[in-house]
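Analysis of the macromolecular model
Each chain, written out:
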Protein chains: 2
Amino acid sequence: MAKIDDVAKLAGVSPATVSRVMNGTSAVKASTREKVEAALAQLSYRPSHSARALARTKKTSLGLVVATFSEPFFMSLTESIVAFATENEVNLTTAIGGDSAEGEAEAIDTLLSHGCKAIVMHSKYLSVEQLTDLLNAIPSLVLLNRLVLGFEDRCVWLDNRVGAENMARRLIDAGHRQFACINRAEKIDDSVDRFAGWQRALQHHGMALAEHSVAEADCTLAGGYDAVVQLLNNKASFTALLCYDDSMALGAIRALADAGLSVPKHVSIVGFNDSYMARTSYPKLTTMHYPVEQMALEAGRLALQRIAAEKMIVQHVGRYLPVVIARQSDRRLAMEAVS
Amino acid sequence: MAKIDDVAKLAGVSPATVSRVMNGTSAVKASTREKVEAALAQLSYRPSHSARALARTKKTSLGLVVATFSEPFFMSLTESIVAFATENEVNLTTAIGGDSAEGEAEAIDTLLSHGCKAIVMHSKYLSVEQLTDLLNAIPSLVLLNRLVLGFEDRCVWLDNRVGAENMARRLIDAGHRQFACINRAEKIDDSVDRFAGWQRALQHHGMALAEHSVAEADCTLAGGYDAVVQLLNNKASFTALLCYDDSMALGAIRALADAGLSVPKHVSIVGFNDSYMARTSYPKLTTMHYPVEQMALEAGRLALQRIAAEKMIVQHVGRYLPVVIARQSDRRLAMEAVS
DNA sequence: TTGTACGCGTTATCAC
DNA sequence: GTGATAACGCGTACAA
């Protein structure tokens, strides 16, 4: 493999000039450029990936931690950050956190050893203590989708509680009085907060989710199906079903259909996240829109700002509120049924 | 980010010793080791990925070019090479060739700039001329699944023609006399050779594939479906259908079912590749087993051997022959129907 | 506009 | 068993 010195020698210039020609870093006389390009071609020169990476570690680069690439939610998130990085001309390195606290911590380590200066992390599994330690150790770390008290200026988060509360209220206002819910079995911030929101809205109207009206399962289509089976076995009776997210909601619709109940005729169903499926399913899902793209952008902006030379104070909006997207899976109860 | 010198200073040793402790390269006194490990932990030291990569470029490393990771065929292939690399303690770098000659060439470049010393490539789209140039330029390049004349000692290939011929003969021997085929539309070695094999077997028995009995389409399930629709529109009449590969065969089965024809009752169908789906479909597919794992291993062995110091001459088996795996999608024609 | 010289973090080699 | 020192290949201040 030819190296940059070989090219330089062949072209009769210094290695620095070869670098300039390749990267367009600074102006080079046309005749020189041609000589270099000829040499480049003649040796079919390939810059060494590793040497480049090493020499460029000084440049600011952004790191991203996501759980996976294969879910729509993370696709949107990643796309958004990729666009942001491209636009701001910073390198982006991505690491997979997976489904565990260890995986998330490992991902951070990976990014650090890749020389990332700023990091945006979507974390589900790290504890508040662990996150606090990380935030203290890594000044440029920004959290996407978690709120850690004391670090409000480095968090971009969705108010799940208020979102869930608003969604429940929508159904209450539509006349529903018999509720059930299916929640994600894992106790992460999202599931705890959404449940709290539902309860709060219901209690505000003198209702509450009884134990036999609450089912927990995997956060998947199959999980949603199973959860509804649980509810029906419990002989829970409900006209409105609150679901942790869209995938569970869709699974729930199938389970209800298999039990002879149609949506929204017999049961009103609402999801959360406004994922792609919510728009393409039948019936289309009423759900909460999660402004991932916006939030990802804000997180990227924040992270980059934290390593910028000029630490200008920019207004930071950390809290985002999901809004109801009304579609076809819920309905207003007829008056006679309510009264 | 702490650097290795910081760790060394804190532990009161030289950077070299820190490296030895981390990598277990050579013996280190227990007391020294402990000091170093303490320093490592205290600074929560992360070796720089790029610096490591650069310093390690001397080590032999193997490169692999595949079209994609998401098809079963390439999964098997990749798995096999990964195991091989692990076993032989060489680093493995993988690059995606995609669906074009440019992509394949690009992948090779990527591997070279990553410092790969030996390369195994699965190429579909590069021309024989391009491959010849590459083989001349890169002494350690080994081709998987292509035969380039003059480089027999660096090719590991499947004899598609003879394989296809054997498969067609099986059906002839089973009494079939009315044939049709569906082939991949792209003219790559595989599709050309398999077609040639079919024709050869049929001509040997005084038959031939008439134009209206040949359909071409994408090499996918949907493509297989479409191809059969073409055949039926052509009013082609056949008791045996030769398919380019398993996915097209499976699509074909669906199309036939939709047309009221059942497999193997009305039509005998055979695939190629013996992919995962062939064993799990209904009916299970009679197909040709493609010994990817074995071939990948041989290619890896060959590539590594070409950069080995001791150039011992090892017997090289380049040509592989697929064998018929008889399952349920074809049948012997009853005597009365034949006579 | 171009060249010199140094740094990046690690590892191999040779001394000691 | 351990420490200097020299690569590894490129980018980039700084100097010319």
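Residues numbered from 1 in each chain as written. Chains lettered and ligands numbered in written order. Predicted model: local features only at pLDDT ≥ 70, side-chain atom pairs only at ≥ 80, totals over all residues. Heavy atoms only, no water.

Topic: the protein's contact with DNA strand C
Near DNA strand C, the surroundings consist of 25 residues, among which Arg20 and Thr32 of chain A together with Lys3, Ile4 and Tyr45 of chain B are the closest. Backbone polar atom of Ser14 of chain A to a phosphate oxygen of DNA strand C: 3.0 Å apart, as the coordinates give it. With respect to DNA strand C, the backbone of Ile4 of chain B contributes an N or O atom lying 3.2 Å from a phosphate oxygen. Elements with a contribution of two residues or more to the surface near DNA strand C: helix H2 (15–23) of chain A together with helix H2 (15–23) and helix H4 (49–55) of chain B. Here the residues of the surface near DNA strand C are counted per class, giving 10 nonpolar, nine polar and six charged. (Near = heavy atom within 4 Å. Polar contact = N/O pair within 3.5 Å; in protein donor to acceptor, adjacent residues only side chain to side chain. Helix = DSSP H or I, 4+ residues; strand = E, 2+ residues; numbered from the N terminus. Nonpolar A, V, L, I, M, F, W, Y, C, P; charged D, E, K, R; others polar.)

So, the packing of aromatic side chains
Summed over the entire model, instances satisfying the criterion amount to six aromatic pairs over all chains. Taking 4.9 Å as the distance between ring centres and 65° as the angle between the ring planes, the aromatic pair formed by Phe73 of chain A and Tyr290 of chain A counts as edge-to-face. Placement of Phe73 of chain A in helix H5 (residues 72–87) and of Tyr290 of chain A in the loop between strand E10 (287–289) and helix H13 (292–307) is noted, with a sequence separation of 217 residues between them. Neither residue differs from the other here; Phe73 of chain A and Tyr290 of chain A are each classed as buried. When the ring of Phe195 of chain B is compared with that of Trp198 of chain B, the centres are 6.5 Å apart and the planes differ by 75°; the resulting orientation is edge-to-face. Highlighted residues: Phe195 of chain B and Trp198 of chain B, both in helix H9 (residues 189–204), separated by three residues, approximately one helical turn. According to the relative accessible area criterion, Phe195 of chain B is partly exposed, its value standing at 24%. Pairwise contacts between aromatic rings join Phe73, Phe74 and Tyr290 of chain A into one cluster. In this structure, Arg194 of chain A packs its charged tip against the face of Tyr244 of chain A, placed 4.6 Å from the ring centre. (Phe/Tyr/Trp six-rings, centres within 6.5 Å; stacked < 30°, edge-to-face > 60°. Buried < 20%, exposed > 50% of the residue type's maximum accessible area, 1.4 Å probe, protein only. Lys NZ or Arg CZ within 6 Å of the ring centre and 35° of its normal.)

Quick notes on the packing of helix H5 (residues 72–87) of chain B against helix H13 (residues 292–307) of chain B
All names here are of chain B. Packing of H5 against H13 brings their axes to within 8 Å, and their N-to-C directions diverge by 45°. Considering their axes alone, H5 and H13 lie oblique with respect to each other. H13 is crossed by H5, and the crossing has right-handed handedness. Here Phe73, Ser76, Leu77, Ser80, Ile81 and Phe84 of H5 come into contact with H13, specifically with Val292, Glu293, Ala296, Leu297, Gly300, Arg301 and Leu304. Tallied by class, the residues present in the contact of H5 with H13 amount to eight nonpolar, three polar and two charged. (Axes fitted to C-alpha atoms, helices over the stretch in contact; angles between N-to-C directions. Parallel < 35°, antiparallel > 145°, perpendicular 65-115°, else oblique. Left-handed = near helix turned anticlockwise from the far one by under 90°. Contact = heavy atoms within 4.5 Å.)

Section: the protein's contact with DNA strand D
Every one of the 28 residues lining DNA strand D counts as a neighbour, but Lys3, Tyr45 and Arg52 of chain A together with Thr17 and Thr32 of chain B are closest to it. Of all atoms in DNA strand D that approach within 4 Å of the protein, 73% are sugar or phosphate atoms. With respect to DNA strand D, the side chain of Lys3 of chain A contributes an N or O atom lying 2.6 Å from a phosphate oxygen. One of the side-chain nitrogen or oxygen atoms of Thr17 of chain B is found 2.6 Å away from a phosphate oxygen of DNA strand D. Put simply, the parts of the chain that give the surface near DNA strand D at least two residues each are H2 and helix H4 (49–55) of chain A together with H2 and H4 of chain B. For the surface near DNA strand D, the element with the most residues is H4 of chain A, which contributes four residues. Grouping the constituent residues of the surface near DNA strand D by class yields 13 nonpolar, seven polar and eight charged.

Examining the packing of helix H1 (residues 4–11) of chain A against helix H3 (residues 30–42) of chain A
Residue and element names in this part refer to chain A. The interhelical angle for the contact between H1 and H3, taken along N-to-C directions, is 125°, at an axis separation of 9 Å. If you check the angle between H1 and H3, you find them oblique. Where H1 crosses over H3, the two elements pack in a sense that is right-handed. When H1 is examined against H3, the residues Val7, Leu10 and Ala11 are found in contact with a partner set consisting of Lys35, Val36, Ala39, Leu40 and Gln42. Looking at the contact of H1 with H3 residue by residue, the class counts come to six nonpolar, one polar and one charged.

Notes on the sheet that holds strand E11 (residues 319–320) of chain B
Residue and element names in this part refer to chain B. The sheet built from six strands is open, its strands ordered E2-E1-E3-E4-E5-E11 with parallel pairing. The open sheet has two free edges, formed respectively by strand E2 (91–96) and E11, since each of these has just one partner strand. Relative to strand E5 (residues 155–158), strand E4 (residues 141–144) runs parallel, the two being bridged by two bridges. Considered in E5, the bridge of Leu143 is made with Cys155. (Pairing = 2+ DSSP bridges.)

A few points about the domain arrangement of chain A
Looking at chain A, the domain boundaries give domain 1 (1–55) and domain 2 (160–290 + 323–338). A straight line from the C-alpha centre of domain 1 of chain A to that of domain 2 of chain A covers 62 Å. (Domains from an automatic or database assignment.)

Considerations on the sheet that holds strand E7 (residues 214–217) of chain B
Residues and elements named next belong to chain B. Strand order in the open sheet formed by four strands is E7-E6-E8-E9, with parallel pairing between adjacent strands. Two strands close off the open sheet at either side, each with one partner strand: E7 and strand E9 (268–270). Shown here is a sheet whose adjacent strand axes are inclined to one another by a mean of 15°, direction ignored.

A look at the side chain of Asp274 of chain A
All names here are of chain A. Topologically, Asp274 is positioned in the loop between strand E9 (268–270) and helix H12 (276–280). Relative accessible area serves as the criterion here: at 9%, Asp274 is assigned to the buried category. Not counting residues up to four positions away in its chain, the partners in contact with Asp274 are Asp246, Arg279, Thr287, Met288, His289, Tyr290, Ile325 and Arg327.

Remarks on the interface of chain A and chain B
Counting residues at the interface gives 14 residues for chain A and 14 residues for chain B. Summing both partners gives a buried area of about 1,200 Å² for chain A against chain B, and 66% of it is carried by carbon and sulfur. A per-residue breakdown of the area chain A buries against chain B is headed by Arg46, Ser50 and Ser113 of chain A, which together make up 38% of the total. The interface formed by chain A and chain B contains two salt bridges. Among the ionic pairs, Asp109 of chain A bridges to Arg46 of chain B, the shortest N-O distance being 3.5 Å. Secondary structure elements with two or more residues in the side of chain A that touches chain B: H4 and helix H6 (101–113) of chain A. Top contributing element to the side of chain A that touches chain B by residue count: H4 of chain A, with five residues. The residue inventory of the side of chain A that touches chain B, partitioned by class, reads six nonpolar, six polar and two charged. (Buried area = accessible area lost by both parts, 1.4 Å probe. Salt bridge = Lys/Arg side-chain N within 4 Å of Asp/Glu carboxyl O.)

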